[in-house]
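Now for the letters of each chain:
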Amino acid sequence: MLDWHCHDVFTRMPPGGTTGGLAVVIDVLRASTTMITALANGATRVVPVADLDEARRRAAERSPPALLGGERGGVCIPGFDLGNSPLEYTADRVAGRTVVITTTNGTAALHACLGGRVILIGGIVNRTAVAQTIRRLCRAGEPVHLVCAGTDGLVTAEDLLAAGAILDAAGADDGADHLDAPARAALAYFRRVAASGDPVAALVAEFRSSPGGANLVALGMEKDLPEAAAIDTRAIVPQFDPTSASLG
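A. Geometry of the overall build of the protein. Each helix and strand in the protein was counted, giving 10 helices and 11 strands. Relative to its length of 248 residues, the protein is compact, with a C-alpha radius of gyration of 17 Å against a globular reference of 18 Å. For the protein, the spread of C-alpha atoms along the three principal axes comes to 50 × 40 × 30 Å. Evaluated residue by residue, the protein yields a buried proportion of 53% over its 248 residues. Intrachain contacts of the protein at a sequence separation of at least 6 include 76% that bridge at least 24 residues. Carbon and sulfur atoms form 54% of the exposed surface of the protein, whose accessible area is close to 9600 Å². Taking the average location of the 21 positive side-chain charges in the protein and that of its 27 negative ones, the two points are 4 Å from each other.

Put into structure tokens, the structure is as follows:
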């Protein structure tokens, strides 16, 4: 039996809320999707940091220097190699390289979860792999926290949909698991949207009306929406290693 909880990191999750449990950090648009993509395309590791100066320092101290990726306000940071679009993190750019990344919401959400015994990165693109990893790694009686990063402190549809997608893939409502009320709502939301004949198109339509999705459309980054909505296109599940402070 698993005990599932769904949180919005900046409005509903108390400080230290993931301590001693298993946490899945979700920032569909776009940090979690981008970090998953980077590792799937051969990056040796991804180092998520919250601060710009720390990102520059962490990249420079490596030999050869790491790639710098990330955004503020949705756009690539001046002097950085890459922004925060998963479409930028191709094998040609990242294979065999370390990527240091900092984003407005996603890396901050990850750092809010550092008390978790296990910290995973989840999205819609790897939802089945995440569900399977949770089943494998979670200890009896240990809570599972699906932590939605949101956008600038606002709850966003895409992160709730990803939480629901993971719960759906895990079969979390089969009677053996416990779901808190937000987890049940996220699961119902995903199933309602995915019931469309074209679930990816339906997910993208939901993204457009969310704060994160609307921001990307306004910035001319609409192509990232279907990339982040592509169900089960990745089998990799990034896991945070506290010793190296990186994902692999």
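The structure having been displayed, the exposition proceeds.
B. View of helix α5 (residues 127–137). Along α5, the residues that are buried comprise R127, A129, V130, A131, T133 and I134. On the buried face of α5, the contacting elements are β1 (3–8), β2 (22–26), β7 (118–122), β8 (143–148), α6 (157–170) and α7 (181–194).

C. Local environment of the side chain of T102. By secondary structure assignment, the location of T102 is in strand β6 (residues 98–102). A polar atom in the side chain of T102 sits 2.9 Å from the side chain of R72. If we skip the residues at most four places from it in the chain, T102 touches V49, A50, D51, L52, A55, G69, G70, E71, R72, I77, F80 and T107.

D. The pattern of salt bridges, seen in detail. This structure, assessed with the given rule, holds 12 salt bridges. Taking the shortest distance from any N to any O, the salt bridge between R58 and E61 comes out at 3.5 Å. A relative accessible area of 11% places R58 in the buried class. Its salt-bridge partner being R127, residue D168 comes within 2.8 Å of it at the nearest N-O pair. Here R127 lies in helix α5 and D168 lies in helix α6, a separation of 41 residues in the sequence.

E. Quick look at helix α2 (residues 52–60). Every buried residue of α2 is listed here: A55, R58 and A59. Each buried residue of α2 lies within a common arc of 100° when the element is viewed along its axis, so the set occupies one face. Turned more than 90 degrees off the buried face of α2, the exposed positions are D53 and A60. Contacts made by the buried residues of α2 are with β3 (45–48), β4 (67–72) and β6. The residue sitting at the N-terminus of α2 and contributing the capping side-chain oxygen is D51; that oxygen lies 3.0 Å from the backbone nitrogen of D53.

F. Representation of the sheet that holds β1 in the model. The 5 strands lie next to each other as β7-β2-β8-β1-β9, forming an open sheet whose pairing is parallel. Looking at strand neighbours, the two that pair on one side only are β7 and β9 (178–179), the edges of this open sheet. Across the sheet, α5 lies against β1, β2, β7 and β8, angled at about 170° from β7, the strand it touches most.

G. Broad picture of the environment of E222. Mapping E222 onto the fold places it in the loop between α9 (211–218) and α10 (224–229). Along the primary structure E222 and V204 are separated by 18 residues, whereas in three dimensions their C-alpha atoms are 9.6 Å apart. When neighbours within four sequence positions are excluded, E222 is seen to be in contact with R208, L216 and V217. A distance of 2.3 Å separates polar atoms of two side chains, one belonging to E222 and the other to R208.

H. Representation of unusual backbone geometry within the structure. In this structure, the amide linkage connecting L29 to the following residue, R30, adopts the cis form with an omega of 10°. Mapped onto the secondary structure, R30 falls in the loop between β2 and α1 (31–40). Residue P64 follows S63 across a cis peptide bond; omega there is -5°. Looking at the secondary structure, you find P64 in the loop between α2 and β4. A positive phi angle is found at D232, which is not glycine, with a value near 60°. Its place among the elements puts D232 in the loop between α10 and β10 (240–241). Relative accessible area serves as the criterion here: at 33%, D232 is assigned to the partly exposed category. Its identity is not glycine, yet A245 carries a phi of approximately 55°, on the positive side. Mapped onto the secondary structure, A245 falls in the loop between β10 and β11 (246–247). Assessed through its relative accessible area of 23%, A245 is described here as partly exposed.

Rules used throughout
- Residues numbered from 1 in each chain as written.
- Predicted model: local features only at pLDDT ≥ 70, side-chain atom pairs only at ≥ 80, totals over all residues.
- Heavy atoms only, no water.
- Helix = DSSP H or I, 4+ residues; strand = E, 2+ residues; numbered from the N terminus.
- Rg over C-alpha atoms; globule rule 2.2 N^0.38 Å.
- Buried < 20%, exposed > 50% of the residue type's maximum accessible area, 1.4 Å probe, protein only.
- Contact = heavy atoms within 4.5 Å.
- Areas by Shrake-Rupley, 256 points an atom, 1.4 Å probe, with all protein chains shown as cover.
- Lys, Arg positive; Asp, Glu negative; His and termini not counted.
- Charge placed at Lys NZ, Arg CZ, Asp CG, Glu CD.
- Polar contact = N/O pair within 3.5 Å; in protein donor to acceptor, adjacent residues only side chain to side chain.
- Salt bridge = Lys/Arg side-chain N within 4 Å of Asp/Glu carboxyl O.
- Arc of directions from axis to C-beta.
- Pairing = 2+ DSSP bridges.
- Axes fitted to C-alpha atoms, helices over the stretch in contact; angles between N-to-C directions.

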